[in-house]
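Here is what each chain is made of, one letter per residue.
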Amino acid sequence: MSETANRMSGRECNIPPMPTHVPFSISPLGSIYNASRITNEDNMSNSLVRLLLISNSTLHGSGYLDHAEGEIRDFLAGVRQVLFVPYALRDRDGYAAKVAERLAGMGFRVSSVHQAPDPRAEVETAEAIFIGGGNTFRLLKALYDNDLLDPIRRRAQEGSLRYMGASAGSNVACPTIRTTNDMPIVEPPSLRALGLVPFQINPHYIDPDPNSTLMAETREERLLQFLEENETPVVALREGAMLRVEGGRVMLKGVAAARIFRRGQPPRELVPGARLEL
Ligand code: ASP
C-alpha cells in the first residue's frame, strides 16, 4: 500500500478507516466525509446496528434521564450490565457514580470503562454501552487515546453491542463531530467518529428566537454553513427528542420534533413516532 493510501486508511496515525457499511466516499484530502445520495432503502444499510441516540440527558423540569427512561428500559430489555463511558466530563468517578445509581434504579448494573485495567477488553465483552454527554472534543480525544473507536464500531456493526448515547455520546455515533455545539477545548487526532449512522446529529437544537437581539449565528445558520462545506445530512434533535435505530430503521422517539437539514433542500420537520427517511 502506498504511503498516501496508508495515511488515508488511517493506519499511519491510528485514525480508524472509513466505516464500510454506509455509502460514504472520502475526499482527496482524506479529511472530509461526503455522503452520496441516501435513499430510503440504504438509509441504514446495516440492519444489525442497535442504537438509542438521545439529544439531552436531562430535560427541563425533570431529573437525569427521566424523560428517556421508558425508551431506555425498552431498548436495553434483556441486558443486565451496561458499560459506561464517562470521558466527556473531567470528573469521571463522580459521573460514573451518578450513572450507576440512575441505571441501577432501572435494574441495570453499571461498570465504568475508566476504572477497567483494560478498557478495550471491557468493550469486547460488553452487552451494551452508554456514552454520556459533556464536551464532545474531550470525549472523542479520550476514545482515540484509549483506542476504543474500532472495537465499539465493530461490535455495534456486528449487532453484538447495543449503543446508547446522550448528547456528546450521540455526536460520536455520527461520521464526524462537525455538528457538535461544543468548543474544541482539546484536540482529538481527527474529527472522525464512529460512523454508525449515515448522518450527523446536532443535539440540543434550538429554534431561532424571532425576538432575540443577539447578533450571533442561529443554530440553523450554523447547520446551513455545515452543509455549504459537507454533503452529509443533519438531524437536529430538539431537547426531548431521541433516535432509535433498529432493524435498519431510524425512528424519532421522545416528546419533541426534529429538524432535518439536507443540502439544497429547505429544512423539514420530523414528528415523534415517524421514520427518518433521508
Ligand atoms: N455539550 C453537549 C452535551 O451535553 C454536546 C453538544 O451540545 O454538542 O454533551
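Everything below is about the structure shown above.
Engineer: Just to check I follow, could you spell out the overall build of the chain for this structure?
Structural biologist: A tally of helices and strands in the chain yields 8 helices and 13 strands. Sorting the 278 residues of the chain into buried and exposed places 51% on the buried side.

Engineer: Hey, could you run me through the site of the ligand in this one?
Structural biologist: The environment of the ligand is made up of Gly133, Gly134, Thr136, Ser167, Ala168, Asn171, Thr180, Asn181, Asp182, Pro203 and His204. A distance of 2.8 Å is found between an oxygen atom of the ligand and a backbone nitrogen or oxygen belonging to Ala168. Between the ligand and His204, the relevant distance is 3.3 Å, taken from an oxygen atom to a side-chain nitrogen or oxygen of the residue. Protein contact buries 84% of the 270 Å² of open area that the ligand shows by itself. For the shell around the ligand, the secondary-structure elements that each account for two or more residues are helix H7 (168-171) and strand E8 (200-205). Here the residues of the shell around the ligand sort into 2 nonpolar, 8 polar and 1 charged.

Engineer: Explanation requested: the sheet that holds strand E13 (residues 268-270) in the structure shown.
Structural biologist: The strands making up a sheet associate through backbone hydrogen bonding, with each pair oriented either parallel or antiparallel. Spatially, 4 strands are ordered E8-E9-E12-E13 in an open sheet, and the strand pairing comes out mixed. Two strands in the sheet have a free side with no partner beyond their single neighbour: E8 and E13. The sheet shows a mean angle of 25° between the axes of neighbouring strands, direction not considered. Where helix H8 (residues 219-229) meets the sheet, its contacts fall on E8, strand E9 (234-238) and strand E12 (258-261), and the angle it forms with E8 comes to roughly 170°.

Engineer: Can you help me understand helix H6 (residues 149-158) in this one?
Structural biologist: In an α-helix there are 3.6 residues to a turn, and that puts residues three or four apart on one side. Summarising burial for H6: 7 of the 10 residues are buried, a large majority. Residues of H6 that are buried: Leu149, Pro151, Ile152, Arg153, Arg155, Ala156 and Gln157.

Engineer: When you look at the nonpolar core in this model, what are you seeing that I'm missing?
Structural biologist: Among soluble globular proteins, nonpolar side chains are generally buried collectively. Counting residues in hydrophobic clusters, the biggest one holds 48 residues, and the most contacted among them are Ile129, Leu139, Leu143, Ile152, Tyr163, Val172 and Leu243. At 6 residues, helix H5 (residues 136-145) tops the list of elements feeding residues into this core. Non-local contacts of Ile129, meaning those with residues more than four positions away in its chain, are made with Val82, Leu83, Val85, Val123, Ile152, Leu161, Arg162, Tyr163 and Met164. Grouped together as the second largest cluster of nonpolar side chains are 22 residues, Phe75, Leu76, Tyr95 and Ala96 included.

Engineer: Quick question: what am I supposed to make of the packing of aromatic side chains here?
Structural biologist: To describe a pair of aromatic rings, you give the distance between the ring centres and the angle between the ring planes. Counting across every chain of the model gives 3 aromatic pairs. Relative to Tyr95, the ring of Phe84 lies with its centre 5.0 Å away and its plane at 85°, an arrangement referred to as edge-to-face. Here Phe84, found in strand E4 (residues 81-85), pairs with Tyr95, found in helix H3 (residues 92-104); they are 11 residues apart in sequence, far enough to count as distant. Judged on exposure class, the residue Phe84 and its partner Tyr95 are both buried. On the numbers, 5.4 Å between centres and 45° between planes, the contact of Phe84 with Phe130 is tilted. With Phe84 in strand E4 and Phe130 in strand E6 (residues 128-131), this pair connects stretches of sequence that are 46 residues apart. On the accessibility criterion, Phe84 (0% relative accessible area) is buried. Taken together, Phe84, Tyr95 and Phe130 form an aromatic cluster joined through their ring pairs. Note that Lys98 overlies the ring of Tyr64, its terminal NZ or CZ placed 4.4 Å from the centroid.

Engineer: Got a minute to help me understand the sheet that holds E6 in this structure?
Structural biologist: Taken together, the 7 strands give an open sheet; going across it, the order is E5-E4-E6-E7-E3-E10-E11, and neighbouring strands pair in mixed fashion. The sheet is open, and its two edges are formed by strand E5 (109-112) and strand E11 (249-254), each paired on a single side. Taking each pair of neighbouring strands and ignoring which way they run, the sheet shows an average axis angle of 20°. In the sheet, E4 pairs with E6 via 4 bridges, with the strands oriented parallel. In the strand pairing of E6, Phe84 is matched with Phe130.

Engineer: Sorry, what's going on with the pairing of E5 here?
Structural biologist: Side-chain positions along a regular strand alternate between the two faces of the sheet. Pairing of E4 with E5, which is carried by 4 bridges, proceeds in the parallel orientation. Its bridge partner lying in E5, Phe84 is registered against Ser112. Crossover handedness for the path E4 to H3 to E5: right-handed.

Engineer: Which parts of the structure should I look at to understand the environment of Met44?
Structural biologist: With respect to the helices, strands and loops of the structure, Met44 is situated in the loop between strand E2 (33-35) and strand E3 (51-54). Not counting chain neighbours up to four residues away, the residues in contact with Met44 comprise Val49, Leu196, Val197, Pro198, Val245, Gly248 and Val250.

Parameters at a glance
Residues numbered from 1 in each chain as written. Predicted model: local features only at pLDDT ≥ 70, side-chain atom pairs only at ≥ 80, totals over all residues. Heavy atoms only, no water. Helix = DSSP H or I, 4+ residues; strand = E, 2+ residues; numbered from the N terminus. Buried < 20%, exposed > 50% of the residue type's maximum accessible area, 1.4 Å probe, protein only. Near = heavy atom within 4 Å. Polar contact = N/O pair within 3.5 Å; in protein donor to acceptor, adjacent residues only side chain to side chain. Areas by Shrake-Rupley, 256 points an atom, 1.4 Å probe, with all protein chains shown as cover. Nonpolar A, V, L, I, M, F, W, Y, C, P; charged D, E, K, R; others polar. Pairing = 2+ DSSP bridges. Axes fitted to C-alpha atoms, helices over the stretch in contact; angles between N-to-C directions. Contact = heavy atoms within 4.5 Å. Core = buried A, V, L, I, M, F, W, Y, C linked by side-chain atoms within 4.5 Å. Phe/Tyr/Trp six-rings, centres within 6.5 Å; stacked < 30°, edge-to-face > 60°. Lys NZ or Arg CZ within 6 Å of the ring centre and 35° of its normal. Right-handed = clockwise from strand over helix to strand, strands pointing away.

Read these as spatial facts, not as claims about activity.
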